[in-house]
Amino acid sequence: MRTDEATDAAVAAATEQGLSVSGARVLRVGENGVVVFPAAAALARIVRGRDAVERVAAELRTADWLQSRGVPIARPMVPVPVVVDRFVVSFWEYLADGQPADLVTLAHCLRKLHGIPMPVDNLLPKVDPFSGFEDRLALGDALRAEDREFLSEFRSRLADQWSRASFTLDLAVVHGDAHMDNLLQSPGGRVAFIDLETVAVGPPEWDLTLTALYHECGWFSLDQYRQFADAYGYDVRTGSAWPILRGVRMLRMTTWLAQSAGDYPERERQLRHRLASLRDGTAPAGWTGF
């Protein structure tokens, strides 16, 4: 998704809803776009494809359910998705003073999330670790034919391993994309999960893997990671499923990068490094974030 596409769709949707678009600015673009409207204290999330309407509507329903269970979240501002051309837009409260939470706070909030009773009405799907793989592959203009073949074979091996994996922790409600940037904390002490589109039922290890992998990437020190694991009460790296979880997350990180690398030269260079390191088994050495 390009920056101009995200901005145009968000502004059109905000105008339709009567929200002030003064001072609008893009926070990020990638698989989805995020545009902030400070004057309306609103944040717009933009998803490509009209077929995403039900998926976005489900995210809004999930947000209401999580809030009713006492899970700290950023609240929806408009109860239904807004369709603009080939994009689907949802509006959420904008926590202007919110900053990414520290790892210990993330661990405590994940414990709270993982401890709530699971829904009994099929509100939430099961974790699909390979969701979006085909779409990301199709959008990866910077991928070569041999890259697509390698990634498809890598995914097949992991899918077979995932189907036979044994997890230590009991099934729970999981965020699905649990990292510091998706848990905001305000100076007044409020914390709120954001980006709820991947909330599902699955092994809690799925939520713990990103922090462990980011430590391996060099983004967190060993001491920081130990504080996270101690605060949660479990080190995901000690479980038998760790190599599978790690591999799936690296695959997802690579295909996420692939879908936007064609528009950003620096991302394309990073994509080439990630693919090479996956092939020779040195990943995640030298991986960097955006």
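For the structure itself, consult the block above.
## Re the sheet that holds strand β3 (residues 42-48)
Here we have five strands laid out as an open sheet, ordered β1-β2-β3-β5-β4, and antiparallel in their pairing. Here the strands that pair on one side only, and so sit at the sheet edges, are β1 (25-29) and β4 (82-84). Adjacent strand axes in the sheet meet at a mean angle of 25 degrees, parallel and antiparallel pairs treated alike. As paired elements, β1 and strand β2 (residues 32-37) share four bridges and run antiparallel to each other. Opposite Arg-28, over in β2, you have Val-34 as the bridge partner. Helix-sheet contacts for helix α2 (residues 53-68) involve β3, β4 and β5 (87-93), and the interaxial angle to β5 is about 15 degrees.

## A closer look at the pattern of salt bridges
Applying the stated criterion to the full structure yields 16 salt bridges. A network of salt bridges, in which partner residues are shared, links Arg-28, Arg-45, Glu-59, Asp-195 and Glu-197.

## Overview of the layout of surface pockets
Gaps between atoms show up when a probe of the same size as a water molecule is rolled over them. One number sums up the size of the second largest pocket: a volume of about 190 Å³. Lining the second largest pocket are 13 residues, with Met-1, Arg-48, Asp-141, Gln-259 and Asp-263 sitting closest to its centre. Here the lining of the second largest pocket gets four residues from one element, more than from any other, and that element is helix α8 (residues 242-261).

## Regarding the side chain of Ser-277
Here Ser-277 lies in helix α9 (residues 265-280). A residue is classified by how much of its surface remains accessible, and Ser-277, at 2% relative accessible area, is buried. There is a polar contact of 3.0 Å between the side chain of Ser-277 and the backbone oxygen of Arg-274. Every residue in contact with Ser-277, bar those within four places of it in the chain, is listed here: Thr-282, Ala-283 and Trp-287.

## A look at empty space enclosed by the protein
If you walk through the whole model with that rule in mind, you get two cavities of 30 Å³ or more. Estimated volume of the largest cavity: approximately 50 Å³. Lining the largest cavity are Pro-129, Phe-130, Ser-131, Gly-132, Phe-133, Arg-136, Val-248, Leu-251, Arg-252 and Thr-255. Counting residues per element, the ones that place at least two in the lining of the largest cavity are α4 (133-139) and α8.

## Some remarks on the packing of aromatic side chains
Note on aromatic pairs: each is described by the distance of the centres and the angle between the planes. A complete count under the given rule lists seven aromatic pairs for this structure. Taking 5.8 Å as the distance between ring centres and 10 degrees as the angle between the ring planes, the aromatic pair formed by Phe-150 and Phe-154 counts as stacked. With Phe-150 and Phe-154 both in helix α5 (residues 145-163) and four residues apart, this pair spans about one turn of that helix. By relative accessible area, Phe-150 is classed as buried at 13%. Exposure remark for Phe-154: the relative accessible area of 12% places this residue in the buried category.

## What about the sheet that holds strand β6 (residues 99-100)?
In space, the three strands of this open sheet follow the order β6-β8-β9, with antiparallel pairing throughout. With partners counted over all chains shown, the strands left at the sheet margins are β6 and β9 (191-193), one partner each. Pairing geometry for strand β8 (residues 183-185) and β9, over three bridges, is antiparallel. Directly across from Leu-184, in β9, lies its bridge partner Ala-192.

## Things to note about the packing of α5 against α8
Interaxial distance between α5 and α8 falls to 10 Å at its minimum, and their mutual angle equals 150 degrees. Between α5 and α8, the angle is such that the two are roughly antiparallel. Note on packing geometry: the crossing formed by α5 with α8 is left-handed. Counted together, Leu-151, Phe-154, Arg-155, Leu-158, Gln-161 and Trp-162 of α5 and Ile-244, Leu-245, Gly-247, Val-248, Leu-251, Thr-254 and Thr-255 of α8 form the full contact between these two elements. When the residues that make up the contact of α5 with α8 are grouped by side-chain class, the tally is eight nonpolar, four polar and one charged.

Criteria and thresholds
- Residues numbered from 1 in each chain as written.
- Predicted model: local features only at pLDDT ≥ 70, side-chain atom pairs only at ≥ 80, totals over all residues.
- Heavy atoms only, no water.
- Pairing = 2+ DSSP bridges.
- Helix = DSSP H or I, 4+ residues; strand = E, 2+ residues; numbered from the N terminus.
- Axes fitted to C-alpha atoms, helices over the stretch in contact; angles between N-to-C directions.
- Contact = heavy atoms within 4.5 Å.
- Salt bridge = Lys/Arg side-chain N within 4 Å of Asp/Glu carboxyl O.
- 1 Å grid on protein atoms, 1.4 Å probe; cavity = no way out; pocket = protein on both sides within 12 Å on 5 of 7 lines; lining within 4 Å.
- Points joined across faces, edges and corners; volume = space filled by probe spheres on them.
- Buried < 20%, exposed > 50% of the residue type's maximum accessible area, 1.4 Å probe, protein only.
- Polar contact = N/O pair within 3.5 Å; in protein donor to acceptor, adjacent residues only side chain to side chain.
- Phe/Tyr/Trp six-rings, centres within 6.5 Å; stacked < 30°, edge-to-face > 60°.
- Parallel < 35°, antiparallel > 145°, perpendicular 65-115°, else oblique.
- Left-handed = near helix turned anticlockwise from the far one by under 90°.
- Nonpolar A, V, L, I, M, F, W, Y, C, P; charged D, E, K, R; others polar.

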